[in-house]
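Chain by chain, the residues:
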Amino acid sequence: MDVYGLIGYPVKHSLSPSMHEAVYEELGMEAKFCLFPVEKGRVEEAIEGAQALGIDGLNVTIPHKKTVANLDIVTLQGIAEKIGAVNVLDFTENGIEGYNTDALGALKALKSRDVEVKGKEVLLIGAGGASTAISFQLASEGGRIKIANRTEEKAYKLAEKVSNVGKAEGYPLENLEELIDKSDILINATSVGMEEDRSLVPKEFLRSDLMVFDVVYTPLETRLLKDARSVGAKTVDGAWMLVYQGAEAFEIWTGEEAPVNRMNKALREKLR
Ligand code: ATR
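Keep in mind the model is a prediction, meaning the values are calculated, not measured. Residue positions are given per chain, counted from 1 along the sequence in the order it is written. This being a predicted model, a pLDDT of at least 70 is required before a residue's local features are given, and a value of 80 or more before pairs of side-chain atoms are given or counted; all residues contribute to the totals for chains, interfaces and linings. Calculated side-chain values reflect all of the structure's heavy atoms, with hydrogen atoms and water omitted.

Where helices are involved, their axes are fitted lines through C-alpha atoms of the stretch in contact, as for all axes, and angles between N-to-C directions lie from 0 to 180°. Runs of H or I in DSSP of at least four residues are treated as helices and runs of E of at least two as strands, each being numbered from the N terminus. Interaxial distance between helix α10 (residues 238-254) and helix α11 (residues 260-271) falls to 9 Å at its minimum, and their mutual angle equals 135°. Taken together, α10 and α11 sit at an angle that is classed as oblique. Viewed along their axes, α10 and α11 form a crossing whose handedness is right-handed. Contacts from A239, W240, L242, V243, Y244, G246 and A247 in α10 reach V260, M263, N264, L267, R268 and L271 in α11. The residue makeup of the contact of α10 with α11, split by class, is 10 nonpolar, two polar and one charged. Here roughly perpendicular refers to angles of 65 to 115 degrees, roughly parallel to angles under 35, roughly antiparallel to angles over 145, and oblique to all remaining angles. For any pair of crossing helices, the crossing counts as left-handed if the nearer helix is rotated counterclockwise from the farther one by less than a right angle, and right-handed if it is rotated clockwise. The contact criterion used is simple: two residues touch if any of their non-hydrogen atoms lie within 4.5 Å. Under the grouping applied here, Gly and all other residues not named as nonpolar or charged are polar, the nonpolar ones being Ala, Val, Leu, Ile, Met, Phe, Trp, Tyr, Cys and Pro and the charged ones Asp, Glu, Lys and Arg.

Next up, the structure:
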């Protein structure tokens, strides 16, 4: 029996077990995905324990993603080092490897809708964890990133860091209309719209040739996505990012291609 799991605090509402166990069933794998609530201060101990127990792979979630990226026992892979956050741990013969598949998940979610990022003007609203992962990934893919945030200093700081891998500029939230006018892709990377009928973007700022992506997935169709759809814009919801980060994790752990459609179906059934 293979054992995978999630460490975070709290973890009890996680959708990952449904998503991953649907894959195990589909592929006929004898495996289980477990939730491990781990308190702050016990993260390193938990990871070493998981390694000693022979656990095959772990997801990491709030509030531990940055902590894990700073542990000496974890070797960061790919863009995780630049982002400074880890959401996937792989226990290998060479040691414990840390990845950030949230970032890749966002890119793949866009690509699944035939959206090319290279050379595109991308506006991200928000400068927290989600925005950090997405902006690094899309900048290194050749997107021209603008980050607008309520606390403008955070937008400038993040843009400065992202400038090490590509093109990025920070802005205050007040310039939204002008910024959206000049953008091809608009991403809400804030929590605004979660369990509420609210959007930071007035509908009249949206246009049909804009690609609109919301990281929020409760509800699946946020106020922003509803407005975007009503003006004829292409949309991607936050569940796709969740599905693709999970699919990437599965591929890192098993070396096999994940059945993305099955994961998507399981996740959406759970969300509804
Ligand atoms: P996450 O890890 O999910 O990105 P986070 O790190 O807490 O979460 O970041 C939340 C982001 O949403 C921040 O950019 C935050 O803006 P501030 O930096 O100004 O706090 C943004 N955000 C949350 N609520 C907001 C609101 N009501 N209006 C504008 N921005 C908001």
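Along any regular strand the residues' side chains alternate between the sheet's two faces. By the convention used here, strands pair only if DSSP detects at least 2 bridges between them. Two strands pair when backbone bridges link them, and strand β1 (residues 2-8) and strand β2 (residues 31-37) are joined in this way by seven bridges, in the parallel orientation. Bridge pairing in β2 links D2 to A31. This β-α-β element, β1 to helix α1 (residues 16-27) to β2, shows right-handed connectivity. A clockwise course of the path from the first strand over the helix to the second, judged with the strands pointing away from the viewer, identifies a crossover as right-handed.

Okay, the packing of helix α5 (residues 101-111) against helix α6 (residues 129-140) next. Here α5 crosses α6 at 60°, and the two axes come no closer than 8 Å. Looking at the two axes, α5 sits oblique to α6. The chirality of how α5 crosses α6 is right-handed. Contact residues: D102, A103, L104, A106, L107 and L110 in α5; A133, I134, Q137 and L138 in α6.

Across the sheet, which stays open at both edges, the six strands sit in the order β2-β1-β3-β5-β6-β4 with mixed pairing between neighbours. Strand pairing shows two members of the sheet lacking a second neighbour, β2 and β4 (74-76), which therefore form its edges. Strand after strand, the sheet turns through a mean of 25° between neighbouring axes, direction not considered. As paired elements, β4 and strand β6 (residues 95-99) share three bridges and run parallel to each other. Note that in β6 the partner of V74 across the bridge is I96. Contacts from helix α2 (residues 43-53) reach β1, β3 (57-60), β5 (88-92) and β6 within the one sheet, and its direction differs from that of β5 by about 40°. The strands that α10 touches are β1, β2, β3, β5 and β6; relative to β5, the one it contacts most, it runs at about 5°.

With that out of the way, let us pick up the sheet that holds strand β8 (residues 144-149). Spatially, the six strands line up as an open sheet ordered β9-β8-β7-β10-β11-β12, and their pairing is parallel. Among the strands making up the open sheet, the edge pair consists of β9 (167-172) and β12 (234-236). Each neighbouring strand pair of the sheet contributes to a mean axis angle of 20°, computed without reference to strand direction. For β8 and β9, the ladder comprises six bridges, and the chain directions are parallel. Along β9, the bridge assignment pairs I147 with G170. Packing of α6 onto the sheet brings it into contact with β7 (121-125), β8, β9 and β10 (185-188), and relative to β8 it is tilted by some 160°.

Okay, the packing of aromatic side chains next. Ring geometry is summarised as follows: Phe, Tyr and Trp rings, the Trp one being its six-membered ring, pair when their centres sit within 6.5 Å, and such pairs are stacked at plane angles under 30 degrees, edge-to-face over 60 and tilted between the two. Under the counting rule described, the total for this entry stands at four aromatic pairs. Ring centres of Y4 and W253 lie 5.1 Å apart, and the angle between their planes is 25°; this geometry places the pair in the stacked category. With a gap of 249 residues between them, Y4 in strand β1 and W253 in helix α10 connect regions that are remote in the sequence. You'll find Y4 and W253 in the same group, each marked buried. Each residue is assigned to one of three classes by its accessible area relative to the maximum for its type, calculated with a 1.4 Å probe on protein chains only: buried under 20%, partly exposed between the two thresholds, exposed over 50%.

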